[in-house]
Amino acid sequence: MQLDLNDDQKTFQQTARRAIEKEMPLSRIREMVEVGATFDRRWWQSGAELGWAAMLVPEELDGGTISGDGLCDLAIVAEEFGRGVVPGPLQAVNTVIAGLVEVVGEQERHAETIGGLFSGELIASWAVYEPGREWDPLNPSVVAKVNGDSIVIDGVKDRVEHATSADLFLVTASGPEGVIQVLVPADAAGVTVTRQDGVDLARPFGEVRFENVEVAAANQVGTSSTTPAVVERQFQVAVALQCAETAGVVGRAFEMSCEWAFDRYSFGRPLASYQALKHRWADQKTWLEAILATTDAAVEAVSRRSSNSAELVSVAANYVGDKSTEIIQDIVQLFGGIAITYEHDIHFYLRRATINKHLYGTPTEHRRRVAQLIPA
Amino acid sequence: MTTETVEEFEARARAWAAENLPPEDPDNPPHFEDDLEDWSRQRELQKKVWEGGFAGICFPQEYGGLGLSTAYQEAYGRAIHGYQTPTRLNLPTFAIVAPVILDHGTEEQKQKYVRGALMGDVILSQFFSEPKGGSDLAGVITRAERDGDTWVLNGNKIWSTAAYGADYGICLARTDWDAPKHRGLSMFMVPIKEQAGFTLNRIRMVTADSDFCEEFFEDLVLPADALVGEVNDGWTVASRQLVYERTAVGGGSQYTQGPRMPRPQNHDVQSPAELAKSLGKQDDPYVQDRVGLAHTYEVIHGQINHRVGQAMRRGALPPPAASIMRLFHAESMWTTRDVMMDVAGGLAVAPNGHYAGAITNGVEDYLMRQSASLGGGSTEMARNLISERVLGMPREYAADRDVPFREVRQGR
Ligand SMILES: Cc1cc2nc3c(=O)[nH]c(=O)nc-3n(C[C@H](O)[C@H](O)[C@H](O)COP(=O)(O)OP(=O)(O)OC[C@H]3O[C@@H](n4cnc5c(N)ncnc54)[C@H](O)[C@@H]3O)c2cc1C
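Residues numbered from 1 in each chain as written. Chains lettered and ligands numbered in written order. Predicted model: local features only at pLDDT ≥ 70, side-chain atom pairs only at ≥ 80, totals over all residues. Heavy atoms only, no water.

Engineer: Now, about the overall build of chain A: what can you tell me, with residues and values included?
Structural biologist: On a plain count of helices and strands, chain A comes out with 11 helices and 10 strands. For chain A, the C-alpha radius of gyration of 21 Å lies close to 21 Å, the compact-globule estimate for 376 residues. Structurally, chain A occupies a C-alpha span of about 80 × 50 × 40 Å along its principal axes. Expressed as a percentage of contacts within chain A between residues at least 6 apart in sequence, the contacts between residues at least 24 apart total 74%. As displayed, chain A offers around 14200 Å² of accessible surface, 49% of which is attributable to carbon and sulfur atoms. Each charge class in chain A was averaged separately, 33 positive and 52 negative side chains, and the resulting centres sit 7 Å apart. (Helix = DSSP H or I, 4+ residues; strand = E, 2+ residues; numbered from the N terminus. Rg over C-alpha atoms; globule rule 2.2 N^0.38 Å. Contact = heavy atoms within 4.5 Å. Areas by Shrake-Rupley, 256 points an atom, 1.4 Å probe, with all protein chains shown as cover. Lys, Arg positive; Asp, Glu negative; His and termini not counted. Charge placed at Lys NZ, Arg CZ, Asp CG, Glu CD.)

Printed below as a string of structure tokens:
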């Protein structure tokens with residue numbers, strides 16, 4: 001929660017919260033999970049109309065921001081997604097957009113794709129992880145062969161967010177002269193998508209196989225010399241949004257647990273009157289403030305492209321990753337037995353935080369990155 | 001008011017520092033010794049700052065300050081980076097005691113203690129804790145009795161940091177034993193000098209430093225103007241002091257000068273990252289994980305102070321939220337100290353070689369690890385405050401509530 005929202009941002013936040021409360025309350029998400037649905041495309045499209053995919057798109061391409069800091073605006077929505085543990089391709093689509101708008105001089109070529117994404121008609125997802133491997137985007141085993149006017153892709157990606165709903169993948173692959181990224185339509189010949197159900201019931205991932213998949217050379221995004229920087233940008237945007245989402249997850253879970261502190265009685269006293277428990281809520285409050293402080297700093301640094309954005313992103317990622325699950329597990333403990341049942345909502349929060357902690361670098365990987373980025 | 005912009009101010013401070021302040025020796029960073037010479041050095045440095053016109057940036061002009069905003073204070077901090085400054089005067093003189101005098105002192109007291117401190121003539125310390133307990137501050141049993149125009153002090157204070165180097169201790173004492181505990185207290189300024197009825201001893205700490213002191217008062221006579229605030233209203237003054245202390249210990253005080261954070265008693269010669277490098281462990285994945293964690297806490301420490309400080313100023317969080325900074329500060333210090341030991345690894349057993357100094361400092365800091373969660377009020381008390389005053393949870397049961405203090409049970 002950024003402390004300094006201007007009036008327009010507040011309206012933007014309220015509108016997002018209302019859209020989520022009205023159309024995507026947890027009761028609805030539970031129903032969807034029961035039937036194996038992922039998210040509602042029409043609902044996503046109405047979100048896109050509210051600007052959920054427009055904030056990183058430059059004005060020349062008809063995008064625009066609320067405050068001038070597009071990622072800060074987007075983080076407001078990400079936090080609302082977290083508060084409601086909402087399913088939807090907010091992070092997936094915006095991360096791909098972040099890459100597409102980053103390739104200077106090529107934006108026109110991808111304008112149609114960008115337009116489709118920000119209007120909500122198209123769903124795209126970054127195909128970057130590979131089976132059995134940790135986060136290592138610049139060493140892909142998926143191969144992209146350039147053949148004159150076309151590119152042929154071979155290999156397997158996994159943990160691709162919303163893979164079964166995506167119309168388009170941004171594939172990070174080994175090209176002839178280094179790593180490149182290529183846009184591949186999900187319906188291209190040779191693409192096979194298999195759903196991977198993971199920890200987060202409301203947010204499936206998928207394995208995507210590419211067998212001799214041929215696309216036009218124009219689908220390449222950037223060159224092998226620009227790709228590492230573009231990948232870094234996508235990574236930072238993804239992690240910043242992820243931290244903002246987790247901040248929302250923990251913020252809401254903490255509210256729920258504080259209500260419980262006053263409502264639940266034991267030995268004739270509310271739980272909130274026991275010092276041993278009060279101290280844990282005090283710790284949680286402190287950690288939550290730290291999560292919010294470091295997330296805001298990371299989002300702002302990435303939004304403004306500060307020279308220390310890589311450092312601040314990894315600082316936030318490792319702290320938010322570890323503390324979010326620690327807090328929520330402690331909240332589960334304070335709720336007691338009910339909290340390890342399916343009936344209680346808290347597991348949705350624990351699931352989302354757990355996923356986020358392990359996606360786009362684990363806390364350990366981020367700490368090592370921090371160690372290497374410490375300013376001399 | 002000044003018309004000088006922050007940038008102009010910073011540039012002027014930078015130029016002045018280059019001319020007037022001795023540079024810090026990077027190979028031999030300040031390591032405070034617990035001797036009086038070090039305190040004279042602090043006084044000298046403060047006199048330089050005063051003469052240069054940079055003392056008390058956020059203090060009112062009437063009492064010798066500059067009356068400027070925190071932006072100027074921060075600019076000054078940047079400008080003097082790398083120079084020797086009287087950092088030791090920040091806590092408690094500038095950040096805790098002087099603002100309390102500004103809030104509750106008489107005109108004469110403000111001139112004497114606040115202006116005096118800014119001029120480098122007066123160093124202040126705190127006489128709060130007593131052998132029977134520090135957390136229950138309102139339970140002090142040191143007594144002051146009125147004798148005509150004077151007060152007579154009897155009792156015993158303990159854990160007063162660096163009182164041996166100071167000129168006055170601000171001292172909470174009981175003046176009415178028939179009132180409930182919070183209502184029978186008064187605050188006094190006790191001169192620290194050789195005088196009848198006053199004894200000060202140094203206490204050896206686990207690091208072998210002797211920064212802690214204990215004081216004994218036996219019919220010590222204080223003049224009438226030693227009283228700060230109203231008689232029997234000492235708790236109001238003490239409460240104010242606690243707010244300043246929590247803010248300062250967390251690192252968020254506007255009244256410090258130079259580096260905002262108090263330096264640890266044994267200033268780390270190296271950071272965990274530097275220690276890792278000098279031990280050749282910088283590529284060890286486990287060491288990287290730990291070093292990354294320590295740096296993470298260091299960065300977030302600044303971020304949370306910024307956020308909570310702003311939230312408090314805007315009313316988004318109530319003033320007791322200062323305890324959030326305090327609690328995080330302790331965690332951050334624990335983490336750094338634990339990481340130093342992890343990085344040192346087996347070499348911590350008996351450090352030698354070219355890295356011995358750094359490891360020894362790390363080990364000493366580790367032995368003093370809990371000082372970060374006791375000094376300035378324990379983290380347990382911080383948690384009580386956060387749960388009760390920020391989250392609105394029920395107050396702990398107090399057996400001494402509304403009972404004349406005379407009847408309150410005491411520990412042995
Ligand atoms: C580095 C350092 C500098 C200091 N400088 C000064 C100084 O300059 N002047 C000064 O006057 N004092 C100073 N102190 C003393 C400090 O304020 C006290 O140590 C602190 O307030 C704790 O009091 P105590 O040591 O008497 O512990 P106690 O109050 O006896 O507490 C013992 C333990 O019980 C816990 N506890 C006590 N009551 C409760 C409760 N109600 N609920 C839950 N837990 C409780 C405490 O948290 C602690 O863990 C300093 C201490 C340190 C470490």
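This is not the end of the story, as more comes after the structure.
Engineer: Can you tell me about the overall build of chain B, naming the residues and giving the values?
Structural biologist: Looking only at helices and strands, one finds 12 helices and 8 strands in chain B. Here the C-alpha radius of gyration of chain B, 22 Å, is about what a compact globule of 412 residues would show, namely 22 Å. Put simply, chain B has 412 residues, and 55% of those count as buried. Relative to all contacts within chain B whose residues are 6 or more apart in sequence, the contacts with residues 24 or more apart total 74%. As presented, chain B carries roughly 18000 Å² of accessible surface, and 50% of it is formed by carbon and sulfur atoms. Once the 41 positive and 57 negative side-chain charges of chain B are each reduced to a mean point, those two points are 5 Å apart. (Buried < 20%, exposed > 50% of the residue type's maximum accessible area, 1.4 Å probe, protein only.)

Engineer: Which residues make up the interface of chain A and chain B, and what are the values?
Structural biologist: Facing 41 residues of chain A, the contacting portion of chain B comprises 38 residues. A buried area of about 3200 Å², summed over both sides, lies between chain A and chain B, and 63% of it is on carbon and sulfur atoms. If you sort the residues of chain A by the area they bury against chain B, L3, K278 and T286 of chain A come out on top, with a joint share of 18%. Inspection of the chain A/chain B interface yields 7 salt bridges. Ionic pairing is found between D4 of chain A and R314 of chain B, a salt bridge with its closest N-O pair at 2.5 Å. (Buried area = accessible area lost by both parts, 1.4 Å probe. Salt bridge = Lys/Arg side-chain N within 4 Å of Asp/Glu carboxyl O.)

Engineer: Can you break down the pattern of salt bridges residue by residue, with the values?
Structural biologist: On inspection of all chains with the given rule, the structure shows 54 salt bridges over all chains. In this structure, the salt-bridge partner of E388 of chain B is K278 of chain A, at a minimum N-O distance of 2.6 Å. Here E388 of chain B is found in helix α12 (residues 379-390), whereas its partner K278 of chain A is found in helix α8 (residues 275-303) on a different chain. Across the pair, K278 of chain A and E388 of chain B agree in class, each one buried. Overlapping salt bridges, with partners in common, bring together E161, D200, R203, E245 and R352 of chain A in one network.

Engineer: Describe the site of the ligand, listing the residues and the values that go with them.
Structural biologist: Around the ligand lies a shell of 19 residues, among which G134, S135, W159, T161 and S378 of chain B are the nearest. Residues within reach of the ligand are spread across chains A and B. One of the backbone N or O atoms of G134 of chain B is found 2.6 Å from an oxygen atom in the ligand. S135 of chain B is positioned with one of its side-chain polar atoms (N or O) 2.7 Å from an oxygen atom of the ligand. Elements with a contribution of two residues or more to the shell around the ligand: β3 (150-161), α11 (371-374) and α12 of chain B. The residue makeup of the shell around the ligand, split by class, is 5 nonpolar, 13 polar and 1 charged. (Near = heavy atom within 4 Å. Polar contact = N/O pair within 3.5 Å; in protein donor to acceptor, adjacent residues only side chain to side chain. Nonpolar A, V, L, I, M, F, W, Y, C, P; charged D, E, K, R; others polar.)

Engineer: Quick one: what's the story with a negative patch on the surface, residue by residue and with numbers?
Structural biologist: Side chains of E62, E107, E108 and D225 of chain B sit close together on the surface and give a patch of like negative charge. Here E62 of chain B lies in the loop between α2 (36-51) and α3 (70-79). (Patch = residues over 30% accessible without salt bridge, like charges linked within 9 Å, V, L, I, M, F, W, Y side chains within 5 Å.)

Engineer: Got a sec to walk through helix α6 (residues 234-250) of chain B? Specific residues and values, please.
Structural biologist: Residues and elements named next belong to chain B. In a regular helix each residue adds 1.5 Å, so 17 residues correspond to 24 Å; α6 covers 24 Å between its end C-alpha atoms and thus fits that length. By the criterion of burial, α6 is predominantly enclosed, with 12 of the 17 residues buried. Those residues of α6 not exposed but buried are G234, V237, A238, Q241, L242, Y244, E245, R246, T247, A248, V249 and G250. Looking one or two residues past α6, G251 carries a phi angle of roughly 100 degrees, positive in sign. (Expected span 1.5 Å × (residues − 1).)

Engineer: Residues and numbers for the pairing of β3 of chain B, please.
Structural biologist: Residues and elements named next belong to chain B. Across 5 bridges, the pairing between strand β2 (residues 143-147) and β3 is antiparallel. Note on β3: the bridge partner recorded for R146 is W151. Where β3 meets strand β7 (residues 212-222), 9 bridges bridge the pair, whose relative direction is antiparallel. Bridging from a neighbouring strand, K157 pairs with E215 of β7. (Pairing = 2+ DSSP bridges.)

Engineer: Could you give an account of the nonpolar core, with specific residues and numbers?
Structural biologist: Counting 146 residues, the largest nonpolar core has W52, F169, V184, W281, I346 and Y349 of chain A as its most contacted members. The element best represented in this core is helix α7 (residues 227-263) of chain A, accounting for 19 residues. Once residues within four sequence positions are removed from consideration, W52 of chain A is found in contact with F12, A16, A19, I20, W43, W44, G47, L74, V77, F81, L90 and N94 of chain A. A162, C171, C213 and L222 of chain B belong to the second largest nonpolar core, which has 74 residues in total. (Core = buried A, V, L, I, M, F, W, Y, C linked by side-chain atoms within 4.5 Å.)

Engineer: Can you explain the environment of D149 of chain A? Please cite residues and give values.
Structural biologist: All names here are of chain A. Relative to the assigned elements, D149 resides in the loop between β2 (143-147) and β3 (150-161). Judged by its relative accessible area of 68%, D149 falls in the exposed class. A sequence separation of 104 residues divides D149 from Q45, and the C-alpha atoms of the two residues are 33 Å apart. Excluding its chain neighbours within four sequence positions, the residues that come into contact with D149 are V215, A216 and A217.

Engineer: Pulling in residues and values, what's your account of unusual backbone geometry?
Structural biologist: Along the chain, L91 of chain B connects to P92 of chain B via a cis peptide bond; the corresponding omega equals 0 degrees. You can see P92 of chain B is positioned in helix α4 (residues 90-104). The phi torsion at Y360 of chain A lies on the positive side, around 55 degrees, for a residue other than glycine. For Y360 of chain A, the location among the structural elements is in the loop between α10 (346-358) and α11 (363-373). Not every positive phi belongs to a glycine, and W159 of chain B is a case in point at roughly 65 degrees. If you trace the backbone, W159 of chain B turns up in strand β3.

So, to be careful, I would describe these as geometric facts and stop short of saying anything about function.
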